[in-house]
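Given next are the chains, with one letter for each unit.
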Amino acid sequence: MFIGIHTFLLLFDQYEPYTLEAIFVPFASSYHPILSGIGTIATYMLLIVILTSDFMKVIGKSVWKKTHYLVFLLWLLFFLHGILFGTESSANWAPFFYWRTFAVIICGTLYLGAAMTRSKKPRSSH
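Residues numbered from 1 in each chain as written. Predicted model: local features only at pLDDT ≥ 70, side-chain atom pairs only at ≥ 80, totals over all residues. Heavy atoms only, no water.

### Some details on the environment of threonine 67
Here is step 1 of the chain: Residue position: threonine 67 is located in helix H5 (residues 61-68).
Here is step 2 of the chain: Between the alpha carbons of threonine 67 and serine 119 there is a distance of 21 Å; along the sequence they are 52 residues apart.
Here is step 3 of the chain: Each residue touching threonine 67, except ones within four places of it in the same chain, is listed here: Ile48, Val49 and Thr52.
Here is step 4 of the chain: At 2.7 Å, the side chain of threonine 67 and the backbone oxygen of valine 63 are in polar contact. (Helix = DSSP H or I, 4+ residues; strand = E, 2+ residues; numbered from the N terminus. Contact = heavy atoms within 4.5 Å. Polar contact = N/O pair within 3.5 Å; in protein donor to acceptor, adjacent residues only side chain to side chain.)

### Re the packing of helix H3 (residues 33-54) against helix H6 (residues 70-85)
Here is step 1 of the chain: Two elements in contact, H3 and H6, have axes separated by 9 Å at closest approach and are oriented at 150°. Classified by the angle their axes make, H3 and H6 are roughly antiparallel. Pair H3 / H6 crosses with left-handed handedness. Residues Leu35, Ser36, Ile38, Gly39, Ile41, Ala42, Thr43, Met45, Leu46, Ile48 and Val49 of H3 touch H6, and the partners they reach there are Leu70, Val71, Leu73, Leu74, Leu77, Phe78, His81, Leu84 and Phe85.
Here is step 2 of the chain: When the residues that make up the contact of H3 with H6 are grouped by side-chain class, the tally is 16 nonpolar, four polar and no charged. (Axes fitted to C-alpha atoms, helices over the stretch in contact; angles between N-to-C directions. Parallel < 35°, antiparallel > 145°, perpendicular 65-115°, else oblique. Left-handed = near helix turned anticlockwise from the far one by under 90°. Nonpolar A, V, L, I, M, F, W, Y, C, P; charged D, E, K, R; others polar.)

### Some points on the packing of aromatic side chains
Centre-to-centre distance and the angle between the planes together describe a pair of aromatic rings.
Here is step 1 of the chain: Under the criterion given, the structure shown has 12 aromatic pairs.
Here is step 2 of the chain: Here tyrosine 15 and tyrosine 31 contribute two aromatic rings whose centre-to-centre distance is 5.7 Å and whose plane-to-plane angle is 80°, an arrangement assigned as edge-to-face. Separated by 16 residues along the polypeptide, tyrosine 15 in the loop between helix H1 (2-10) and helix H2 (20-24) and tyrosine 31 in the loop between H2 and H3 bring together distant segments of the chain.
Here is step 3 of the chain: The class for tyrosine 15 is exposed, based on a relative accessible area of 65%.
Here is step 4 of the chain: Each member of the aromatic cluster is reached from another via a ring pair, and the members are Trp75, Phe79, Trp93, Phe97, Tyr98, Trp99 and Phe102. (Phe/Tyr/Trp six-rings, centres within 6.5 Å; stacked < 30°, edge-to-face > 60°. Buried < 20%, exposed > 50% of the residue type's maximum accessible area, 1.4 Å probe, protein only.)

And the structure:
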């Protein structure tokens, strides 16, 4: 929902108003096209993850699960978009928020990876 609001408000931005093309076509913005495009791609990836949840019974649990691994990449893209391009990035609270969130996500990902690795190892019988 907040991404939708963020996107809608870009149309009325006083500093750099975006066109519909600049919002919906990755890298089409004349203002920081790479960083803007990263946000657009991450948004499309999020939509894919959400839509696959709605159609899990149709596409199957295996495809659904594999698609949901996109969450890790899209989170990293949103992180880069926010920290490098966000207008609030220069605020005193922003680095604290961004880097603490980054640490939590990385620690959670490492924990999940370790747990998955442990569960796949064959158990020896004694």
